[in-house]
Amino acid sequence: METNSEKLSAQQSLDIIADMIDQAKGSVQQNSFYFLLWGWTILIANLGMFSLIKLHYEYPYAIWLITIPPWLYSLYQGYNRDGSAKSVTHLGKITVWLWLSFGIVIFTLVVFGYQINFHLNPVILVVSAMPTLLSGIVIKFKPLIVGGIVFWVMGIICFMVPTDIQYLVGALAILGGYIIPGYMLKTKQA
Amino acid sequence: MLNDLDPLLHSQLRLGIMSLLISLESAEFIFLREKTNSTAGNLSVQLDKLSEAGYIKIEKSFKGKKPLTTCKITRKGIKAFEDYVNTLKQYIHK
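### As for the interface of chain A and chain B
Across the boundary between the two partners, chain A contributes 24 residues, which contact 32 residues of chain B. Taking both sides of the interface into account, the surface hidden between chain A and chain B amounts to around 2600 Å²; carbon and sulfur atoms contribute 62%. Where chain A meets chain B, there are 1 salt bridge. Among the ionic pairs, Lys93 of chain A bridges to Glu25 of chain B, the shortest N-O distance being 3.1 Å. Applying the counting rule to chain A against chain B returns 6 residue pairs in polar contact (both at pLDDT 80 or more). Taken together, the elements giving at least two residues each to the side of chain A that touches chain B come down to helix 1 (10–25), strand 1 (87–89) and helix 4 (90–111) of chain A. In terms of residue count, the dominant contributor to the side of chain A that touches chain B is helix 1 of chain A (9 residues). Residue composition of the side of chain A that touches chain B, by class: 11 nonpolar, 10 polar and 3 charged. Examined bridge by bridge, strand 1 of chain A and strand 1 (residues 24–28) of chain B share 3 bridges and lie antiparallel to one another.

Okay, structure coming up:
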């Protein structure tokens, strides 16, 4: 582009504006990596919890310690930001804050869970529906929208089944909410 | 013709930069250079002009060891851009 301003007509100005806005639009970049990282971690934790309860292990909750490395990794990545992001769209920024607030909500629920005897499973599933569904809408990706609905439906089912079964429902929810859409997103990006 | 238009915006490259930034939360120098297809030197000069006018905010930081320049449109910049587009509309409707 030149800086010459002398012969810029109204039409040329409009063309530049339209062209640049079009260039900036792009799509919000969404990384399938986090869905798969968290999908598999939570799936293993849920199934592990279920198995340990069935084996009458004294501290089945210990399995949730496996979520610590993904937490640290996600925080580290969040701090360092995505190396390839050369521009940030308004929706992109909202998506990041959506997941960040979701993380804070889940963290708060887990830390203060003892106050309600850790009856958290249905609540966590219902809350998970929101960022998943909205991310799907932002990136216009149907499987993720369906994933959000899966979380919500599984959350409702979770309210109605015994505690040990809740972990199996949780595993199913993660499969439909994160893992399947995550792989579909990965295939789409490849 | 078109002499009422903000001279700061009525230039191909500066208008291009502002049109990109109005659609984004923020953009890196490299992104702006690629999209506007300009040279680093020229882009740098035009960014400084827009920054001096208070239309954009330039933040310099580091990504690893590489210097990183991030640009963001300001409220004043948004207002100027809107005024520019409105004036443009009048010319077209004439």
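Back to the write-up after that little detour.
### A short note on the packing of aromatic side chains
Residues and elements named next belong to chain A. Counted by the stated rule, this structure contains 9 aromatic pairs over all chains. Look at Phe35 and Tyr178: their rings are 5.5 Å apart centre to centre, the planes differ by 65 degrees, and that puts the pair in the edge-to-face class. Within this pair, whereas Phe35 is found in helix 2 (residues 32–54), its partner Tyr178 is found in helix 7 (residues 163–189), the two being separated by 143 residues in sequence. Ring geometry for Tyr57 versus Tyr59: centroids 6.4 Å apart, planes at 80 degrees, classification edge-to-face. Its relative accessible area of 52% is what places Tyr59 among the exposed residues.

### A short note on the nonpolar core
Soluble globular proteins tend to pack their nonpolar side chains together in the buried interior. Ile17, Met18, Leu21, Leu32, Leu47, Leu50 and Tyr55 of chain B are the most contacted members of the largest nonpolar core, which totals 33 residues. Listed by contribution, the elements that provide at least two residues to this core are helix 1 of chain A together with helix 1 (12–23), strand 1, helix 2 (29–36), helix 3 (40–52), strand 3 (66–73) and helix 4 (75–93) of chain B. Top element by residues in this core is helix 1 of chain B. It accounts for 6 residues. Apart from residues lying up to four places away in sequence, Leu47 of chain B is in contact with Ile17, Phe29, Leu32, Ile56, Ile58 and Cys71 of chain B. Counting residues in each nonpolar core, the second largest holds 22 residues, with Ile106, Ile139, Tyr178 and Ile179 of chain A among its members.

### Examining the packing of helix 1 of chain A against helix 1 of chain B
Each pair of packed helices can be described by the angle between their axes along with the distance between the axes. Interaxial distance between helix 1 of chain A and helix 1 of chain B falls to 8 Å at its minimum, and their mutual angle equals 40 degrees. Considering their axes alone, helix 1 of chain A and helix 1 of chain B lie oblique with respect to each other. When you trace helix 1 of chain A past helix 1 of chain B, the crossing you get is right-handed. Side by side, helix 1 of chain A and helix 1 of chain B meet where Ser13, Ile16, Ile17, Met20, Ile21, Gln23 and Ala24 of chain A of the first sit next to Gln12, Leu15, Gly16, Ser19, Leu20 and Ser23 of chain B of the second.

### Concerning the packing of helix 1 of chain A against helix 4 of chain B
Between helix 1 of chain A and helix 4 of chain B, whose axes approach to 10 Å, the crossing angle comes to 135 degrees. It follows from the interaxial angle that helix 1 of chain A and helix 4 of chain B lie oblique. When you trace helix 1 of chain A past helix 4 of chain B, the crossing you get is left-handed. On the side of helix 1 of chain A, the interface is formed by Ala10, Ser13, Leu14 and Ile17 of chain A, while helix 4 of chain B contributes Phe81, Tyr84, Val85, Leu88, Tyr91 and Ile92 of chain B. For the contact of helix 1 of chain A with helix 4 of chain B, the per-class residue count stands at 9 nonpolar, 1 polar and no charged.

The rules behind each value
- Residues numbered from 1 in each chain as written.
- Chains lettered and ligands numbered in written order.
- Predicted model: local features only at pLDDT ≥ 70, side-chain atom pairs only at ≥ 80, totals over all residues.
- Heavy atoms only, no water.
- Contact = heavy atoms within 4.5 Å.
- Buried area = accessible area lost by both parts, 1.4 Å probe.
- Salt bridge = Lys/Arg side-chain N within 4 Å of Asp/Glu carboxyl O.
- Polar contact = N/O pair within 3.5 Å; in protein donor to acceptor, adjacent residues only side chain to side chain.
- Helix = DSSP H or I, 4+ residues; strand = E, 2+ residues; numbered from the N terminus.
- Nonpolar A, V, L, I, M, F, W, Y, C, P; charged D, E, K, R; others polar.
- Pairing = 2+ DSSP bridges.
- Phe/Tyr/Trp six-rings, centres within 6.5 Å; stacked < 30°, edge-to-face > 60°.
- Buried < 20%, exposed > 50% of the residue type's maximum accessible area, 1.4 Å probe, protein only.
- Core = buried A, V, L, I, M, F, W, Y, C linked by side-chain atoms within 4.5 Å.
- Axes fitted to C-alpha atoms, helices over the stretch in contact; angles between N-to-C directions.
- Parallel < 35°, antiparallel > 145°, perpendicular 65-115°, else oblique.
- Left-handed = near helix turned anticlockwise from the far one by under 90°.

Purely geometric stuff here, so don't read any function into it on its own.
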